[in-house]
Amino acid sequence: MKKQLGLIGLGVMGKSLARNFADKQVSLSLYNRYVKDSEEGVARKFINAYSDLTGVEGHENLEEFVQSLKTPRTVFLMISAGSAVDSTIDSLIPILDKGDLIIDGGNSHYKLTQKRNDKLSEHGIYFIGTGVSGGEEGALKGPSIMPGGEPEAYAICKDALESIAAKDKDGGACCGYIGRGGAGHFVKMVHNGIEYAEMQFLAEIYGLLRYTAGYDSTFVADLFESWTKTDLNSYLLEITIEVLRKKEDDIHLVDIILDKAGNKGTGSWTTIAACELGVPVNTLTAALFARYQSAFKDERTAADKLYATSINKKDIDLTSLAEAYTVARIINHHQGLQLIYAASDTYEWNIDMPEVARIWTNGCIIRSELMEDMKVKLKEEPTLLNHDTYVNIVNKGLDSLRGICAQSILSGSAIPCINSALTYMETYKNEQSTANIIQGQRDYFGAHRYLRKDDPSGPSHHTIWN
């Protein structure tokens, strides 16, 4: 019997998604490449290992795999982003028919997704580039899914994708059509950028409490647990508590883990996209650069011997800290959403932002109480920082954010991401910036011209300054 969906790539995420599809009664064919002595019988061994995969077919011959699928065929790629996706697509084109569909579920760059869509459309083959968030557990139990491509392409795979997605509080699938071309992968990319900053916020708060205030990891975990009973609750907060409490031979594991953070590219892509679109994403970029700087462990170790690095112990007001964290998170999410808005306008994707927030309420890494609130608030006011609710929260908590940043500076503690949130907000809310000086300087050395306050929409001006 022909199968409804074919999945290529049986890494951690591919295996979890396969089991999820099978659990939702989506009939499957699986393909994994054959590499002598290293990848032999991967699909068959995987199927035999799980009783819930009874009836699933395993293949090592790509043409046989394709022929095992119902038409129009749907082929789901769960392979490493980059050249492997292109080479697999090139292998599939000659053996697929017009009207068939390829889905790329990896973290591909949105511009490559657009190019692949254009290439496949020349052959009459549909293409979906979809973000899949939730990690291994989410892929197995219900991820957040962000598909982009032609509406006709999404119609082919809609039922299958929505069947495996996480469910929101109303029972709706955390999966929905994002927009044409690379829209799905762009939204997933920004999701990851927001995620970088949310993770960094928690790391910086841990650092303040541990090294500035002198509390141990157990105290920080207990404080974070108290926050889970408030509007601050999130998936990342919950897992950070578990990270802080994990011990190895009565030693907190976080004290053993080397302080060098890794990254897989989506954070840098987010920053580059923001630069290309001219959108300030201070917190997202600060989080990315914090990871980069952490990687220079040897350089930091050497500098520790050259400079005074002692931290001045200071008490941290825990109520102020919670308020500062609340404000910083709103600012961070605002920046990510503004970037998506800009891309949607530039590329004519017509992205429904409340729908994106709804898709992010479950299954994904940045699911939180704040996201639950945002999905409603964004229907009332598209600019997050302009909504009355968030205006009131920020006005109430801004002094706390200032105070926490001031304490970190005076104590010698680094909290680059939280500081960047404050800097963004101070700039955002001030009608008068210092860009008039910049424009004067640019006109002085480069005759770049400037506009005048008394005629802001009029012609540009140049002055002979010397």
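This text gives an overview of the structure that appears in the document. (Residues numbered from 1 in each chain as written. Predicted model: local features only at pLDDT ≥ 70, side-chain atom pairs only at ≥ 80, totals over all residues. Heavy atoms only, no water.)

## What about helix α7 (residues 151-164)?
Piece 1. For α7, spanning 14 residues, the distance from its first C-alpha to its last is 19 Å, which sits close to the expected 20 Å at 1.5 Å a residue.
Piece 2. Of all the bends in α7, the largest measures some 60° and sits at C157.
Piece 3. Of the residues making up α7, those classed as buried are A153, Y154, C157, A160, L161 and I164.
Piece 4. Turning to α7, the residues buried within the fold contact β1 (5-8), α1 (12-23), β4 (74-77), β5 (101-104), β6 (126-133) and β7 (144-149). (Helix = DSSP H or I, 4+ residues; strand = E, 2+ residues; numbered from the N terminus. Expected span 1.5 Å × (residues − 1). Bend = angle between axes of the 7 residues up to and from the residue. Buried < 20%, exposed > 50% of the residue type's maximum accessible area, 1.4 Å probe, protein only. Contact = heavy atoms within 4.5 Å.)

## Side note on the pattern of salt bridges
Piece 1. Taken as a whole, this structure holds 26 salt bridges when the rule is applied.
Piece 2. For D104, the salt bridge goes to R116, with nearest N and O atoms at 3.7 Å. Residue D104 is located in strand β5, and its partner R116 is located in helix α5 (residues 110-122); the two are separated by 12 residues in the primary sequence.
Piece 3. D104 gets classed as buried once you look at its relative accessible area, which sits at 0%.
Piece 4. Taking the shortest distance from any N to any O, the salt bridge between D399 and R402 comes out at 2.7 Å. Of the two residues, D399 and R402 are both situated in helix α17 (residues 388-411); the distance of three residues between them amounts to about one turn of the helix.
Piece 5. Connected through shared salt-bridge partners, D399, R402, E426 and K429 make up one network. (Salt bridge = Lys/Arg side-chain N within 4 Å of Asp/Glu carboxyl O.)

## Digging into the layout of surface pockets
Piece 1. Put simply, the second largest pocket is a space of about 310 Å³.
Piece 2. Surrounding the second largest pocket, E431, Q432, S433, A435, N436, Q439, Y450, L451, R452, K453 and P456 form its lining.
Piece 3. Of the residues contributing to the lining of the second largest pocket, the split by class is four nonpolar, four polar and three charged. (1 Å grid on protein atoms, 1.4 Å probe; cavity = no way out; pocket = protein on both sides within 12 Å on 5 of 7 lines; lining within 4 Å. Points joined across faces, edges and corners; volume = space filled by probe spheres on them. Nonpolar A, V, L, I, M, F, W, Y, C, P; charged D, E, K, R; others polar.)

## Focus on the sheet that holds β1
Strand pairs in the sheet, formed through backbone hydrogen bonds, run parallel or antiparallel to each other.
Piece 1. On the basis of which strands lie adjacent, the open sheet formed by seven strands has the order β3-β2-β1-β4-β5-β6-β7 and mixed pairing. Whereas interior strands pair on both sides, the edge strands pair on one side only; in this sheet they are β3 (57-59) and β7. Each neighbouring strand pair of the sheet contributes to a mean axis angle of 25°, computed without reference to strand direction.
Piece 2. Where β1 lies against β4, three bridges are found, and the strand directions are parallel. Bridged to G6 within β4 is V75.
Piece 3. Along the sheet, helix α4 (residues 83-92) contacts β1, β4, β5 and β6; its crossing angle with β4, the most-contacted strand, is approximately 160°. (Pairing = 2+ DSSP bridges. Axes fitted to C-alpha atoms, helices over the stretch in contact; angles between N-to-C directions.)

## Observations concerning the packing of α17 against helix α18 (residues 416-428)
Piece 1. Put simply, α17 and α18 touch, their axes get as near as 10 Å, and they point 130° apart. Regarding the angle of α17 to α18, the classification is oblique. Crossing hand, α17 versus α18: left-handed. Along its contact with α17, which presents V394, L398, L401, R402, C405 and S408, the element α18 presents I418, N419, A421, L422, M425 and E426.
Piece 2. A class-by-class count of the residues in the contact of α17 with α18 yields eight nonpolar, two polar and two charged. (Parallel < 35°, antiparallel > 145°, perpendicular 65-115°, else oblique. Left-handed = near helix turned anticlockwise from the far one by under 90°.)

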